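Examining the three-dimensional arrangement
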Amino acid sequence: MNRTMKSLLPAALVFLTAGPAPGARPVARVLEVKGKVTIERSKDRVRPAQVYGTVYAGEKLITAVKSYAVLGFRGDGHLERLKPGGTVTVTASGCGPETAVEPIAVPKPLKPATDGAVRQLRPVTQGGVTIVRAGGDEKPLPPWVSPIVGSTVISRRPTFAWRPAPKATRYQVIVYSGGDRVWSGTAEKTPLAYGAPAKLRASFAYHWEVLATLEDDTVKRVCEGEFTVATQPQRDLAADLEKLAAEPQVPYLTLAAAWYHENGLIAEALALNQRLAKLLPESAPVQAALADLNTRAGRGEDAERARRAYKRLRPP
């Protein structure tokens, strides 16, 4: 594990697991919650339904009056809305009874994205989330850098951005693979697009750095980091997810944000969680995600605000 990734881990988002019953099968993810919705494993194992949460086969979901929830099922990718004032039992193929459930007809242009993303989401939570603060003497990540340190990028010709250095007259951006230089370019200011004739290779990891030449001709490294170029399947699904990200409906935004987050597309996940925070101002998991993503992006003040919001909103 490289030094930069090690510095990310102490501040990472940690999803708690309350311990599903032996043999419990994760079958769905919660994509939207309105009002009060609870998930019941047994009479003494009840938790609130929250966006991004995992639902297991055999669990019951209880929706209060004027409340509902939207689930995405991992088996076949379909979406269901649980009606207000009902109780349903969850199976791998959906919720029952059918009278308490409203299937969501996903528009045909969005179907590849919803099916693909829901099927790929991993089970991540059973009962809530928490934040682990960064600790120790790890060097903080450089702020406002692109690609975000440790992230996955879709483009095989990414654009590099960095904070300007005082008294810098020019910059050199260098990209390495396995210790070998694969490209370098110069610019008078940030940003700079990758400009080699050959595109970066899909699924490969790269290291990059920016060197600033100052007015006195000294050279200073202003930032460095690692990124990975997405695989072709990731790039294909990400192209479909752009359609979801353009929609105003919360379930689509949640689904796209979760997939981006789990696949390391930090910039995209951060942008969608910022939108979700406006649509779901009382959502603790969204604030938890923002705390993690802002930490990884080197935005310490934003991460701390999200941590405080999470602590205020998290359920007992």
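Described in the following lines is the structure provided in the data block. Note that the structure is a prediction, hence the values are computed from the model and not measured. (Residues numbered from 1 in each chain as written. Predicted model: local features only at pLDDT ≥ 70, side-chain atom pairs only at ≥ 80, totals over all residues. Heavy atoms only, no water.)

1. Focus on the nonpolar core
One finds Y52, L241, L244, W259, Y260, L276 and V286 to be the most contacted residues of the largest nonpolar core, which totals 42 residues. When residues of this core are traced back to their parent elements, those giving at least two are α2 (111–120), α3 (232–245), α4 (250–262), α5 (266–279) and α6 (284–296). Ranked by residue count, the leading element in this core is α4, at nine residues. (Core = buried A, V, L, I, M, F, W, Y, C linked by side-chain atoms within 4.5 Å. Buried < 20%, exposed > 50% of the residue type's maximum accessible area, 1.4 Å probe, protein only. Helix = DSSP H or I, 4+ residues; strand = E, 2+ residues; numbered from the N terminus.)

2. With respect to the sheet that holds strand β15 (residues 168–177)
Pairing in this open sheet of five strands is mixed, and the strands run β13-β19-β18-β15-β16 from one edge to the other. The sheet terminates laterally at β13 (151–153) and β16 (180–187), the two strands that pair on one side only. Geometrically, the sheet is characterised by an average inter-axis angle of 35° between neighbouring strands, direction not taken into account. Relative to β16, β15 runs antiparallel, the two sharing seven bridges. Of the residues in β16, the one forming a bridge with S177 is D180. (Pairing = 2+ DSSP bridges. Axes fitted to C-alpha atoms, helices over the stretch in contact; angles between N-to-C directions.)

3. Some remarks on the sheet that holds strand β11 (residues 101–103)
Read across the sheet, five strands follow the order β5-β2-β7-β8-β11 without closing on themselves; strand pairing throughout is antiparallel. Here the strands that pair on one side only, and so sit at the sheet edges, are β5 (54–56) and β11. The average undirected angle you get between the axes of adjacent strands in this sheet is 35°. Here three bridges tie strand β2 (residues 26–34) to β5, and the two strands are oriented antiparallel to one another. Within the sheet, the bridge partner assigned to P26 lies in β5 and is Y56. Running at roughly 130° to β2, α4 makes contact with β2, β7 (68–73) and β8 (79–82) of the sheet. (Contact = heavy atoms within 4.5 Å.)

4. Some thoughts on helix α7 (residues 300–313)
In this model, α7 (14 residues) spans 20 Å end to end at C-alpha, consistent with the 20 Å of a helix rising 1.5 Å per residue. Those residues of α7 not exposed but buried are A303, A306, R307, A309, Y310 and L313. Buried residues along α7 cover an arc of 165° about the axis, so they all sit on one side. Away from its buried face by more than 90 degrees, α7 exposes E301 and R312. (Expected span 1.5 Å × (residues − 1). Arc of directions from axis to C-beta.)

5. With respect to the packing of α4 against α5
For the pair α4 and α5, interaxial distance at closest approach is 8 Å and the crossing angle is 145°. Regarding α4 and α5, the two cross each other, and that crossing is left-handed. Mapping the contact onto sequence places V250, L253, T254, A256, A257, Y260 and H261 in α4 and E268, A269, L272, N273, R275, L276 and L279 in α5. Here the contact of α4 with α5 is built from residues that sort into nine nonpolar, three polar and two charged. (Left-handed = near helix turned anticlockwise from the far one by under 90°. Nonpolar A, V, L, I, M, F, W, Y, C, P; charged D, E, K, R; others polar.)

6. Quick word on the packing of aromatic side chains
Counted according to the given criterion, the structure contains seven aromatic pairs. On the numbers, 6.2 Å between centres and 20° between planes, the contact of F160 with W183 is stacked. Residue F160 is found in strand β14 (residues 159–160), and its partner W183 is found in strand β16; the two are separated by 23 residues along the sequence. For F160, a relative accessible area of 0% translates into the label buried. By the ring-pair criterion, three or more aromatic residues cluster together here, those being F160, W183, Y194, Y206, W208 and F227. (Phe/Tyr/Trp six-rings, centres within 6.5 Å; stacked < 30°, edge-to-face > 60°.)

7. Focus: the pattern of salt bridges
Counted under the stated rule, the structure contains 10 salt bridges. Two residues, E102 and R81, come together in a salt bridge whose shortest N-O distance is 3.7 Å. Of this pair, E102 sits in strand β11 while R81 sits in strand β8, placing them 21 residues apart in sequence. By relative accessible area, E102 is classed as partly exposed at 36%. In this structure, the salt-bridge partner of D115 is K111, at a minimum N-O distance of 3.6 Å. One end of the pair, D115, and the other, K111, are both in helix α2, four residues apart, so they sit about a helical turn from each other. Salt bridges linked by common partners bring R29, R122 and E262 together as one network. (Salt bridge = Lys/Arg side-chain N within 4 Å of Asp/Glu carboxyl O.)

8. Overview of unusual backbone geometry
Working note: non-glycine residues mostly have negative phi, and peptide bonds are mostly trans. At the junction of G96 and P97, the peptide bond is cis and its omega measures out at 5° in the coordinates. When you line up the elements, P97 lands in the loop between β10 (94–96) and β11. Of the consecutive residues S146 and P147, the connecting peptide bond is found in the cis state with omega at 0°. For P147, the position within the fold is in the loop between β12 (129–131) and β13. With a phi angle near 70°, D217 is a residue other than glycine that sits in the positive phi range. Here D217 shows up in the loop between β18 (205–214) and β19 (219–229).

9. A closer look at the side chain of T63
Structurally, T63 is set in strand β6 (residues 60–63). At 2.6 Å, the side chain of T63 forms a polar contact with the backbone oxygen of K83. (Polar contact = N/O pair within 3.5 Å; in protein donor to acceptor, adjacent residues only side chain to side chain.)

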